[in-house]
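Report on the structure
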Amino acid sequence: MNASIRDQAFEEIFRREAGRVLATLIRLLGDFDSAEEARQEAFIAAVEQWPAQGIPANPGAWLIKAGRNKAIDRIRRDAVFRTKVQGRETASVEADAAAVVEEVDDTAFGDDRLRLIFTCCHPALSGEAHIALTLREVCGLTTQAVARAFLVSEETMAQRLVRAKKKIRDAGIPYETPEPPLFNQRIQGVLAVVYGVFTEGYAVTAGSRLVDAELCAEAIRLGRLLDELLPGNPLVLGLLALMLLHDARRGARVSAAGDVVLLDDQDRALWDRAKIAEGLALVDQALSIPGQISPYAVQAAIAALHVRARRKEDTDWPQIVGLYEVLLRLQPSPVIELNHAVAVSMVDGAARALDLVDSLRARGQVSEYHLLHAARGRFLQQLARPTEAREAYRTALDFATLEPERRLLMARIASIGGSPFGEDFRD
Amino acid sequence: MHYLLLIYSNEKEIAAMNPSAIASMTAEYTEFTKGIVQAGQFKAGDRLKPTSAATTVRVRNGQVATTDGPFAETREQLGGYYLVDAKNLDEAIAIAARIPGARLGSIEVRPIWPPQT
């Protein structure tokens, strides 16, 4: 085998097995740092031995065994060091090592990865730490890649990870999948982290790029992993469906020039039919499970109604309005109210939608949310009130931070006739 | 692992409680303490006198300086604590959530370093 092709093959295996290997090593060795060190040593051993021996049939199990052996060697070395240098007796060391050996035959990989996810998403850690740890430890992204995704320096990200792991160790955050009823509470946090990764990729909050496909792909990968580890969980199914249905439209959301393309104007031929088919099947599955309805599944059902329409005219807006009302009861939020108003404008017209948005604006919670002002502008434009529409678009422009969104707003203002900035003397 | 559960609340609100509310709160604390003693989780626990009784001590250049009151002015004051033995943070959180004062103020859960050997 050509050396570079071989390296690439190893790289792919390491990337695929990283999370699984680490998860089991953490359980065997008891802490993140020892497990990471052992995994690194296992990768080195693989690079040394696989070219001669060939890639083992079960590379994950091989890497776990190698990592465990390296860790045992280190425990023994440390024991010898302590006995010789510090004169301390360490009778328990051989027992420790033996315990590690015994447990390696337990190949409950799945359970270990689930434990790892719950630990990385523990509510005692900060939101920033949740996403960073999940991408680094569960997905196996490099610190550099995680740093790049969040537009921070590698050093900042490395410190964030070190602090988070120190908190896990010092605070005694368990390496466990919680039992019900705690499970039902904690799974919500885990899903929020996964969706957070997805939305960070799908609606990047700053800068000039609009979509970070890599983050979306990682979030979907995490969703699939959760679905594999917790089969038939309506919350997981709903979230996975939602991410797939959004992601299916990714290719149509941004023009070749990097401009935003709104749903109405998207070329539906660019939508990813395979993802749509998978997402639609998952929504149906999620909604058919009796019990509490998952807000993710309702959002997915809304996305499903959009992608089911072959032409935009075919969109079932009355049903979308109804689903937003369900969602508002499950999970009231100003952003959902705004989306509800947009759907209402398609059924009952812009006047009623404007009333809803104005009442939302009057409550003041989202007065700096650019999309609220953009929606107002649109309704006012539809109601043939161009001066107020222009004013609303200008306010939206004041709060919009993404360049492509700003360009879209400026185009809107230009379409009414006017300059995007300040007073317009052409009136 | 040992955790110190620090009970913070607004002293003024506590002082303004009516006698029957105080009586039921005291009964709840007694019940809670009994529960964690029976579960083998209780190591220690006390109620503190209000911060009006507090003195802060500093030593600078060998000189002892004492000032009236707590170190910092905060909205919530330390009013008591439990020292508990818990398997991990989740168990400590579960104990903290059962402290009656958690419904009025907040409980800070602090892990304790194991003694140096």
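Definitions and cut-offs
Residues numbered from 1 in each chain as written. Chains lettered and ligands numbered in written order. Predicted model: local features only at pLDDT ≥ 70, side-chain atom pairs only at ≥ 80, totals over all residues. Helix = DSSP H or I, 4+ residues; strand = E, 2+ residues; numbered from the N terminus. Buried ≥ 20, exposed ≤ 12 C-beta atoms within 10 Å, placed from the backbone. Pairing = 2+ DSSP bridges. Axes fitted to C-alpha atoms, helices over the stretch in contact; angles between N-to-C directions. pLDDT = per-residue confidence, 0-100. Contact = placed C-beta atoms within 7 Å.

Some details on the overall build of chain B
The secondary structure content of chain B amounts to 3 helices and 6 strands. In sequence order, chain B lays out its α and β elements as β-α-α-β-β-β-β-α-β. For the C-alpha atoms alone, the extent of chain B along its principal axes is close to 50 × 45 × 20 Å. Residue burial in chain B is summarised as follows: out of 117 residues, 17% are buried.

A few points about the sheet that holds strand E1 (residues 2–9) of chain B
Two modes of strand pairing occur in sheets, parallel and antiparallel, and in both the strands are linked by backbone hydrogen bonds. Residues and elements named next belong to chain B. With antiparallel pairing, the 4 strands of this open sheet are ordered in space as E2-E5-E1-E6. Of all the strands in the sheet, just strand E2 (42–47) and strand E6 (106–111) have a single pairing partner and so form its edges. Neighbour-to-neighbour, the strand axes of this sheet turn through a mean angle of 20°, independent of strand direction. Note: E1 against E6, 6 bridges, orientation antiparallel. Bridge pairing in E6 links Leu4 to Arg110.

Points about the confidence of the model for chain A
Mean pLDDT over chain A: 87, with 89% of residues reaching 70 or higher. Considering only residues more than four positions removed or in separate chains, one finds that residues 423–427 of chain A, a stretch of pLDDT under 50, has 4 contacts.

Observations regarding the pairing of E2 of chain B
All names here are of chain B. Summarising burial for E2: 0 of the 6 residues are buried, a small minority. Here E2 runs beside strand E5 (residues 77–85); their pairing, made up of 5 bridges, is antiparallel. Note that in E5 the partner of Gly45 across the bridge is Tyr82.

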